[in-house]
Amino acid sequence: MRTDVLVIGGGAIGAAVAYFVRLLEPGTEVTVVERDPSYELASTPRASGGVRRLFSLPENIELSTFSIPFFDAFADTMAVDGVRPDIGLKKQGYLFIVPPSGRDTLQRSFETQQRMGCNVVWLEPDELKHRYPSMNVDDLAAAVFSPDDGWLDPHGLLAGFRNKVKSLGAEFLADEVVGLERRGNAVTAAELASGLRIKAGYVVNAAGAWAKDICTMVGERVPIEPLKRYEHYFESQDPIEPLPYLKDPERLAFRPEGRGYSGGVPTLDQPRGYALDVDQAYFENVVWPALAHRFPQFDRTICLSTLPGLYDQNDFDGTPIIGPGVGGLANFHLVAGFSGHGLMHAPGCGRAIAELILHGRFETIDLARFGWQRVVDGAPLPEAGII
Ligand SMILES: Cc1cc2nc3c(=O)[nH]c(=O)nc-3n(C[C@H](O)[C@H](O)[C@H](O)COP(=O)(O)OP(=O)(O)OC[C@H]3O[C@@H](n4cnc5c(N)ncnc54)[C@H](O)[C@@H]3O)c2cc1C
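Residues numbered from 1 in each chain as written. Predicted model: local features only at pLDDT ≥ 70, side-chain atom pairs only at ≥ 80, totals over all residues. Heavy atoms only, no water.

**Some remarks on the sheet that holds strand β14 (residues 253-257)**
Under the convention used in this document: Note: two strands are recorded as paired if DSSP finds a minimum of 2 bridges between them. A run of H or I in DSSP counts as a helix once it spans at least four residues, and a run of E counts as a strand once it spans at least two, with each numbered from the N terminus. Lines fitted to C-alpha atoms define the axes, with helix axes restricted to the stretch in contact, and inter-axis angles between N-to-C directions lie between 0 and 180 degrees. Throughout, a residue-residue contact means that at least one pair of heavy atoms, one from each residue, lies within 4.5 Å.
Here we have 8 strands laid out as an open sheet, ordered β5-β6-β4-β13-β14-β15-β12-β16, and mixed in their pairing. A strand with exactly one partner marks an edge of an open sheet, and here the two such strands are β5 (121-123) and β16 (302-314). Between one strand axis and the next, the sheet turns through 20 degrees on average, direction left out of account. In terms of strand pairing, strand β13 (residues 245-247) meets β14 through 2 bridges, oriented antiparallel. Looking at the pairing, lysine 247 lines up with alanine 253 of β14. The strands touched by helix α8 (residues 281-294) within the sheet are β4 (94-98), β12 (224-235), β13, β14, β15 (260-264) and β16, with β12 carrying the most contacts at an inclination of about 60 degrees.

Quick look at the structure:
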């Protein structure tokens, strides 16, 4: 079998790449190989769904500025046979709150966001208290609120992308890539667990937390590691005013969900690996104290569920690696290492990879600084707006 573009991994990123390749050049053959069509372990359905413009790097702000309007129009754009997918986009805003030590960084990011035309609001602690009377602001120095951001349903997004991609003529193969053939500076074919061999013009590594294993198949090492993170569902005994998606200095990140809230406290201290076991004491020991400190209403909260998932963590600098070049390979595109924000940037990154493959250059957003070269150069490009 032969295909023009072989995409490894059919999560949000792989599906977005396939969508934009077919959209921009409908004659291009696209094959997405996804080993688990139920997405049991994939990161996409386990994401919290947050979408925000609150970043420090202009590229990340641009990716959000592209992707969020794309989500606004998703039901229309992705409709198939009149069926409009529902991604449950809730624009209840996104709020970063920081202690005195974080004020200068927040201010610099705020100025970048303003310069780039984002609708963002700077809040001093008294203004914060006025908006959110339940919030403890005693240890806070400032906040930035982004009213046009919010969160969405990752399942709806993935289902919508997949259906549309199939309707545009891309093929989804339920199979596993177990080997890649390399000749000179090109990857020429993939071997699948079923025994099928697919020759390809381009290969896109969109395997998320498993991206490094795909790179190992071409004899290359990348600094992307699986990092476990819990998403908890919890309720508050006493009512709290309507909240946006909130990120606080304790790395606490949560948002309203149904009758309660969904979120957690991500930590880089987890050992890297694919194990998805749950430390039942984590909520009690880490998340609950952070919640109760910020809102007294959470003093008697209980955790009703904990879902573990994997970040595709870029241990080099926390910023995704996008484009060709790993191991000098010109037709092997890596699009992974999102370190916790790949869902929201899937549309912009999908389009970027499609532009690189079809037109040989970034056209919509210049993501050159996100390329592999910075790893070769040992020049990290960290994002200050990650928690
Ligand atoms: C708890 C949690 C909360 C998060 N919250 C947010 C958030 O609020 N906002 C946000 O933007 N992002 C968030 N993220 C990050 C986001 O989920 C990821 O960045 C994003 O889903 C990555 O998408 P992906 O398609 O690269 O990966 P995945 O969805 O994991 O897809 C990769 C696919 O590759 C397949 N695959 C792997 N190896 C092979 C192989 N050899 N052959 C065939 N197929 C293979 C896998 O089966 C998998 O389905 C969160 C992540 C977690 C875990």
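**Focus: the site of the ligand**
In plain terms, the rule: Near residues are defined by distance, with any heavy atom within 4 Å of the molecule or strand qualifying the residue. In protein, a polar contact requires one atom able to donate a hydrogen and another able to accept it; more generally it is a pair of N or O atoms within 3.5 Å, and residues adjacent in sequence count only if both atoms are side-chain atoms. With residues, only the protein chains shown are counted as cover, and all accessible areas are computed by Shrake-Rupley using a 1.4 Å probe.
Contacts to the ligand come from 36 residues, most closely from Glu34, Ser43, Thr44, Gly50 and Met344. Taking glycine 50, its main chain carries an N or O atom lying 2.8 Å from an oxygen atom of the ligand. In the model, a nitrogen atom of the ligand is placed 3.0 Å from a nitrogen or oxygen of the valine 177 main chain. Taking 1000 Å² as the accessible area of the ligand by itself, protein coverage stands at 98%. Those elements that place two or more of their residues in the shell around the ligand are α1 (12-24), β2 (30-34), β16 and α9 (342-359).

**Considerations on the pattern of salt bridges**
Defined as follows: Each salt bridge in this description consists of a side-chain nitrogen of Lys or Arg and a carboxyl oxygen of Asp or Glu lying within 4 Å of one another. Summary of the burial criterion: residues with accessible area below 20% of their type's maximum are buried, those above 50% are exposed, and those between are partly exposed, where the area comes from a 1.4 Å probe applied to protein chains only.
Taken as a whole, this structure holds 21 salt bridges when the rule is applied. Here arginine 35 ties to glutamate 176 by a salt bridge, and the two come within 3.2 Å at their closest N and O atoms. One end of the pair, arginine 35, is in the loop between β2 and β3 (50-51); the other, glutamate 176, is in the loop between β8 (171-174) and β9 (177-183), and 141 residues separate them in sequence. On the basis of relative accessible area, arginine 35 is assigned to the partly exposed category, the value being 43%. Overall, the relative accessible area of 31% leaves glutamate 176 in the partly exposed class. Across the pair glutamate 257 and arginine 255 runs a salt bridge whose closest N-O atoms are separated by 2.7 Å.

**Observations regarding the packing of aromatic side chains**
Working definition: an aromatic ring pair is given by the centre-to-centre distance plus the angle between the planes. Test applied: Classification of ring pairs rests on two measures: the distance between centres of Phe, Tyr or Trp rings, Trp counted by its six-membered ring, which must be within 6.5 Å, and the angle between planes, read as stacked under 30 degrees, edge-to-face over 60 and tilted in between. Both a distance and an angle decide whether a charge sits over a ring: NZ of Lys or CZ of Arg must be within 6 Å of the ring centre and within 35 degrees of the ring normal.
Inspection of the entire model under this criterion finds 24 aromatic pairs. Aromatic side chains phenylalanine 20 and phenylalanine 70 sit 5.6 Å apart centroid to centroid with 45 degrees between the ring planes, which places their arrangement in the tilted category. Here phenylalanine 70 lies in helix α2 (residues 58-72) and phenylalanine 20 lies in helix α1, a separation of 50 residues in the sequence. Of note, arginine 52 hangs over the ring of phenylalanine 55, and the distance from its end group to the ring centre comes to 4.1 Å.

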